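Per-entry structural report
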Amino acid sequence: MESIKENLSKVRSSIDEACSKAGRDSSEVTLLAVTKTVDIDAVNEALENGVSDVGENKPQELMRKYEQIGDKLNWHLIGSLQTNKVKYIIDKVSMIHSLDRESLCEEIQKQAEKIGRIIPCLVQVNISREESKHGLYMEEVLDFVRKVSIKYKNITISGLMTMAPNTEDEDEIRATFRGLKELSNEIDAQNIPNVNMDELSMGMSHDYKIAIEEGSTMVRVGTSIFGARNYNK
Ligand SMILES: *Cc1c(COP(=O)(O)O)cnc(C)c1O
């Protein structure tokens, strides 16, 4: 098996390549190493090889790793978040990528206010409308964003996040990413207070090159860095 170091260097080259193909600067794209199920040694190896940002989808796992590594990494919560888990991560995350309902906003507001933090969040959008996917439908996003802007002072919306459909059809994947970018432009044009559309979190191991071509600013890459996940470990 290839080492994490080698994998990272390959992923970084691919990111550079996709950026130059799209006429973008590589500094516009943050590589978020998805460390879910990965052990602490591997996380440390990623850190030693220049990774600055990591994504976890389970609050408990994020907590456990944070306790060992702390603020040497920026921790992103990328999975769907239960309201009763917010209190465990609120002081640890630099961004939550899965804002998708008001009850979650209420809890983030409550916990963030307690510790005097303002939490950057991305609204998760279900562009492909697959029933299995989390996130708001496109047509719901603008109203939701307006509401958050008015009601939740300790939340800053910093952009949007989506997952591509599970398909080999590149056009369909591309259309999903393009849809998110267009939605982000529409929202940006509204100039809503406490809302910016700086980040577009889209693209995983399978499709991050397409996502970069379509404007992604954060790619969430797990398998291509750490190898296939073993959930039974
Ligand atoms: C697991 C996961 C990823 C990474 O997926 P890979 O295919 O391993 O790169 C990205 N985003 C989310 C939300 C995930 O849960």
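Here's what I pulled together on the structure shown here. (Residues numbered from 1 in each chain as written. Predicted model: local features only at pLDDT ≥ 70, side-chain atom pairs only at ≥ 80, totals over all residues. Heavy atoms only, no water.)

What follows concerns the overall build of the protein chain. Counting its secondary structure elements, the protein chain contains 9 helices and 8 strands. In terms of overall dimensions, the protein chain is globule-like: its C-alpha atoms have a radius of gyration of 17 Å, near the 17 Å expected for 233 residues. Taken across its 233 residues, the protein chain has 51% of its residues classed as buried. Excluding contacts between residues fewer than 6 apart, the proportion of contacts in the protein chain whose partners are at least 24 apart in sequence is 59%. Of the roughly 11100 Å² of accessible surface on the protein chain, 44% is carried by carbon and sulfur atoms. Averaged over its 30 positive side-chain charges, the protein chain has a centre that lies 5 Å from the centre of its 39 negative ones. (Helix = DSSP H or I, 4+ residues; strand = E, 2+ residues; numbered from the N terminus. Rg over C-alpha atoms; globule rule 2.2 N^0.38 Å. Buried < 20%, exposed > 50% of the residue type's maximum accessible area, 1.4 Å probe, protein only. Contact = heavy atoms within 4.5 Å. Areas by Shrake-Rupley, 256 points an atom, 1.4 Å probe, with all protein chains shown as cover. Lys, Arg positive; Asp, Glu negative; His and termini not counted. Charge placed at Lys NZ, Arg CZ, Asp CG, Glu CD.)

Let's shift gears to the site of the ligand. Around the ligand, the structure places Val-34, Lys-36, Ile-78, Met-161, Met-163, Met-204, Ser-205, Arg-220, Val-221, Gly-222, Thr-223 and Arg-229. A distance of 2.6 Å separates an oxygen atom of the ligand from a polar side-chain atom of Lys-36. At 2.9 Å, a side-chain N or O of Arg-220 approaches a nitrogen atom of the ligand. The protein chains hide 91% of the 390 Å² of surface that the ligand would expose on its own. Assessed atom by atom at 2 Å from the grid points, the ligand resides in the largest pocket. In the shell around the ligand, the residues fall into 6 nonpolar, 3 polar and 3 charged. (Near = heavy atom within 4 Å. Polar contact = N/O pair within 3.5 Å; in protein donor to acceptor, adjacent residues only side chain to side chain. 1 Å grid on protein atoms, 1.4 Å probe; cavity = no way out; pocket = protein on both sides within 12 Å on 5 of 7 lines; lining within 4 Å. Sits in = over half its atoms within 2 Å of the grid points. Nonpolar A, V, L, I, M, F, W, Y, C, P; charged D, E, K, R; others polar.)

Turning our attention to the packing of aromatic side chains. If you walk through the whole model with that rule in mind, you get 1 aromatic pair. Considering the side-chain rings of Tyr-66 and Trp-75, the 6.2 Å spacing of their centres and the 65° angle between planes classify their relative orientation as edge-to-face. Across this residue pair, the class does not change: Tyr-66 and Trp-75 are buried. In this structure, Arg-129 is placed above the aromatic ring of Tyr-137, and the distance from its NZ or CZ to the ring centre is 4.2 Å. Across the ring face of Tyr-208, the terminal group of Lys-209 is positioned such that the distance to the ring centre comes to 5.7 Å. (Phe/Tyr/Trp six-rings, centres within 6.5 Å; stacked < 30°, edge-to-face > 60°. Lys NZ or Arg CZ within 6 Å of the ring centre and 35° of its normal.)

Relative to the helices and strands, Lys-65 is located in helix H3 (residues 59-69). A polar side-chain atom of Lys-65 sits 2.8 Å from a polar atom in the side chain of Glu-61. Those residues within four positions of Lys-65 in sequence are excluded, and the remaining contacts are Thr-35, Lys-36, Thr-37, Val-38, Ile-40, Val-43, Glu-56, Gly-70 and Trp-75.

On to the pairing of strand E8 (residues 218-221). Consecutive residues of a regular strand have side chains that alternate between opposite faces of the sheet. Residues of E8 alternate between two faces, with Met-218 and Arg-220 on one and Val-219 and Val-221 on the opposite face, all of them buried. Across 4 bridges, the pairing between strand E1 (residues 30-34) and E8 is parallel. Pairing of Leu-31 across the sheet is with Val-219, part of E8. (Pairing = 2+ DSSP bridges.)

Under the counting rule described, the total for this entry stands at 15 salt bridges. Glu-107 is paired through a salt bridge with Lys-110; the nearest N and O atoms lie 3.9 Å apart. Taken together, the residues Glu-107 and Lys-110, both in helix H5 (residues 102-114) and 3 residues apart, mark about one turn of the helix. Overall, the relative accessible area of 15% leaves Glu-107 in the buried class. For Lys-110, a relative accessible area of 46% puts it in the partly exposed group. Notably, a salt bridge pairs Glu-130 with Lys-133, separated by 2.7 Å at the nearest N-O pair. Given the relative accessible area of 22%, Glu-130 is considered partly exposed. Assessed through its relative accessible area of 16%, Lys-133 is described here as buried. Members of the salt-bridge network, linked through shared partners, are Lys-21, Glu-170, Arg-174, Arg-178, Glu-213 and Glu-214. (Salt bridge = Lys/Arg side-chain N within 4 Å of Asp/Glu carboxyl O.)

As a further point, take helix H6 (residues 138-151). Counted at 1.5 Å a residue, the expected span for H6 with its 14 residues is 20 Å, and the 21 Å between its end C-alpha atoms agrees. Taken together, the buried residues of H6 touch strand E4 (93-99), H5, strand E5 (119-124), strand E6 (155-161), helix H7 (170-188) and strand E7 (195-201). (Expected span 1.5 Å × (residues − 1).)

Here we take up the layout of surface pockets. Of the pockets and cavities examined, the largest pocket occupies roughly 500 Å³. Residue composition of the lining of the largest pocket, by class: 8 nonpolar, 11 polar and 5 charged. (Points joined across faces, edges and corners; volume = space filled by probe spheres on them.)

As a further point, take the nonpolar core. Within the largest apolar cluster, 65 residues are counted, with the highest numbers of intra-cluster contacts made by Ile-108 and Leu-160. Take this core: its biggest share by element is 6 residues, from helix H1 (residues 4-21). For Leu-160, the contacting residues outside a window of four places in its chain are Leu-122, Val-123, Val-125, Val-141, Leu-180, Leu-183, Ser-184, Ile-187, Met-197, Glu-199, Leu-200 and Ser-201. Of all hydrophobic cores here, the second largest spans 7 residues; its members include Leu-32, Ile-78, Met-95 and Leu-122. (Core = buried A, V, L, I, M, F, W, Y, C linked by side-chain atoms within 4.5 Å.)

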